[in-house]
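Analysis of the macromolecular model
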Amino acid sequence: MVSNANTLKLIGDPLAIITKKIEIAALYTDIPLTIEDFDPSKASKEVLIEFLKKSPNGFIPVLETPDGCLYEANAILRYIGRYKDDSKLYGSSPFEQALVDQYLDWSTLTFEPVYAQYIMPYVGYSGYDKKIHDQALKHFRELLSVLEDILTKSKYLVGNNITLPDIQIVSLLSFIFQ
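Rules behind the numbers
- Residues numbered from 1 in each chain as written.
- Predicted model: local features only at pLDDT ≥ 70, side-chain atom pairs only at ≥ 80, totals over all residues.
- Heavy atoms only, no water.
- Core = buried A, V, L, I, M, F, W, Y, C linked by side-chain atoms within 4.5 Å.
- Buried < 20%, exposed > 50% of the residue type's maximum accessible area, 1.4 Å probe, protein only.
- Helix = DSSP H or I, 4+ residues; strand = E, 2+ residues; numbered from the N terminus.
- Contact = heavy atoms within 4.5 Å.
- Salt bridge = Lys/Arg side-chain N within 4 Å of Asp/Glu carboxyl O.
- Expected span 1.5 Å × (residues − 1).
- Arc of directions from axis to C-beta.
- Polar contact = N/O pair within 3.5 Å; in protein donor to acceptor, adjacent residues only side chain to side chain.
- Pairing = 2+ DSSP bridges.
- Right-handed = clockwise from strand over helix to strand, strands pointing away.
- 1 Å grid on protein atoms, 1.4 Å probe; cavity = no way out; pocket = protein on both sides within 12 Å on 5 of 7 lines; lining within 4 Å.
- Points joined across faces, edges and corners; volume = space filled by probe spheres on them.
- Nonpolar A, V, L, I, M, F, W, Y, C, P; charged D, E, K, R; others polar.

Of all hydrophobic cores here, the largest spans 36 residues; its most connected members are Ile-80, Phe-111 and Leu-164. Elements with a contribution of two residues or more to this core: strand S1 (8-12), helix H1 (17-28), helix H3 (73-82), helix H4 (94-119), helix H5 (130-151) and helix H6 (164-177). At 10 residues, the largest contribution of residues to this core is made by H4. Among residues more than four places away in sequence, those in contact with Leu-164 are Ala-25, Leu-77, Arg-78, Gly-81, Leu-89, Tyr-90, Val-100 and Leu-104.

In structure tokens:
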């Protein structure tokens, strides 16, 4: 187990999906992680100037590590997955690690945009347009079928162990179920 001196600090919105997936990965691998609630849009100018040293684009989450700061949620997620040698979150072989990358990229570049287009009207980020909604729902269902097909061949997306893309996709889908 990582010592308390090596507790990692995640700066971001504790309720956001991108924070939750990192928190779940850290819990799953028994990595001590504290979460500091922070919204850059509500920070004073002085605080924001300091924050931009950690995240030059000004976005959250940011992970403070003993070696420095990381930003971009998937980079942080990959770091957590590799943090401990015995973690299987990043796969157990080079091929499984490539599959982890494949499904993380698929989730980010294919699944999440369709997911976002589908849920945005429900959470008040865009107006409802029946034609756009119906197209998004159709595409979303197609992508869920892709996931279902993968999961008929293995217990998890990458073999028989939970890996980072499982956490990422479940984090997204859990929002819909809430």
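The next point concerns the pattern of salt bridges. Tallied over the full model, the rule gives 10 salt bridges. For the salt bridge of Asp-101 with Arg-78, the shortest nitrogen-to-oxygen distance reads 3.1 Å. Taken together, the residues Asp-101 in helix H4 and Arg-78 in helix H3 connect sequence positions 23 residues apart. Given a relative accessible area of 26%, Asp-101 falls into the partly exposed group.

Look at H5: 31 Å from first C-alpha to last across 22 residues, which is about the 32 Å you get at 1.5 Å a residue. For H5, the full list of buried residues reads His-133, Ala-136, Leu-137, Phe-140, Leu-143, Leu-147 and Ile-150. End-on view of H5: buried residues confined to an arc of 135°, all on one side of the axis. In H5, the exposed positions that point more than 90 degrees away from the buried face belong to Lys-130, Lys-131, Lys-138, Arg-141 and Glu-148. Its buried side turned inward, H5 meets H4 and H6. The residue sitting at the N-terminus of H5 and contributing the capping side-chain oxygen is Asp-129; that oxygen lies 3.0 Å from the backbone nitrogen of Lys-131.

Of all 5 residues in S1, 4 are buried; the element is thus mostly enclosed. Pairing analysis gives 5 bridges linking S1 to strand S2 (residues 33-37), with the strands arranged parallel. The partner of Leu-8 across the bridge, within S2, is Leu-33. In this view, the connection linking S1 to its parallel neighbour S2 by way of H1 has right-handed handedness. Across 3 bridges, the pairing between S1 and strand S3 (residues 62-65) is antiparallel.

Our next topic: the layout of surface pockets. As a volume, the largest pocket reaches approximately 400 Å³. Forming the walls of the largest pocket are 13 residues, and the residues nearest its centre are Ile-17, Tyr-115, Ile-119, Met-120 and Tyr-125. Secondary-structure elements contributing two or more residues to the lining of the largest pocket are H1, H4 and H6. Ranked by residue count, the leading element in the lining of the largest pocket is H4, at 4 residues. By residue class, the composition of the lining of the largest pocket is 10 nonpolar, 1 polar and 2 charged. In this model, the second largest pocket occupies a volume close to 310 Å³.

Once that is clear, we can look at the environment of Pro-32. Inspection of the secondary structure assignment puts Pro-32 in the loop between H1 and S2. Judged by its relative accessible area of 14%, Pro-32 is buried. With 60 residues separating them along the chain, Pro-32 and Ser-92 place their C-alpha atoms 22 Å apart.

What follows deals with the environment of Ile-132. Structurally, the position occupied by Ile-132 is in helix H5. Taking relative accessible area as the criterion, Ile-132 reaches 40% and is therefore assigned partly exposed. Taking the C-alpha atoms as reference points, Ile-132 and Asp-101, separated by 31 residues in sequence, lie 30 Å from one another.

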